[in-house]
Amino acid sequence: MRTLITFQNKSIPVYFNQENKQPVQKTLRLLSSALENKISNGKRALQKCLQSLISIEIVGGEAILHSRSENDSLALSLY
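Residues numbered from 1 in each chain as written. Predicted model: local features only at pLDDT ≥ 70, side-chain atom pairs only at ≥ 80, totals over all residues. Heavy atoms only, no water.

A. Just the pairing of strand 1 (residues 2-7), in detail. By the bridge criterion, 6 bridges tie strand 1 to strand 2 (residues 10-16) in an arrangement that is antiparallel. In the strand pairing of strand 2, L4 is matched with P13. From the end of strand 1 to the start of strand 2, which pair antiparallel, there are 2 residues, and Q8 there has a positive phi angle of about 55°. (Pairing = 2+ DSSP bridges. Helix = DSSP H or I, 4+ residues; strand = E, 2+ residues; numbered from the N terminus.)

B. Structural detail: helix 1 (residues 24-41). When the terminal C-alpha atoms of helix 1 are compared, their 25 Å separation across 18 residues agrees well with the 26 Å that a helix rising 1.5 Å per residue should span. Of all the positions in helix 1, only T27, L28, L31, A34, L35 and I39 are classed as buried. Down the axis of helix 1, the buried side of the element spans an arc of 135°, and every buried residue falls inside it. Opposite the packed face of helix 1, turned more than 90 degrees from it, sit the exposed residues Q25, R29, S40 and N41. Against strand 1, strand 2, helix 2 (44-51), strand 3 (53-59), strand 4 (62-67) and strand 5 (74-77) lie the buried residues of helix 1. (Expected span 1.5 Å × (residues − 1). Buried < 20%, exposed > 50% of the residue type's maximum accessible area, 1.4 Å probe, protein only. Arc of directions from axis to C-beta. Contact = heavy atoms within 4.5 Å.)

C. Highlighting the side chain of S67. If you trace the backbone, S67 turns up in strand 4. The class of S67 is buried, set by a relative accessible area of 5%.

Structure representation (structure tokens):
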């Protein structure tokens, strides 16, 4: 399943697994709050990833953040 979120004035596609146990709206709220928190309080590597974010993949309780550079992509725990 695919949906879009707005982050830093960009539309970012978010891809979900059909196996996720949590409701989609709850997961999106957790994701949005985690991203906003990390862009202001995160380490430099995480902020660099968020500035070049192109898509997000939700797998279980983790968000895989894909950026323009494959080296900047990383995983973020939602719980």
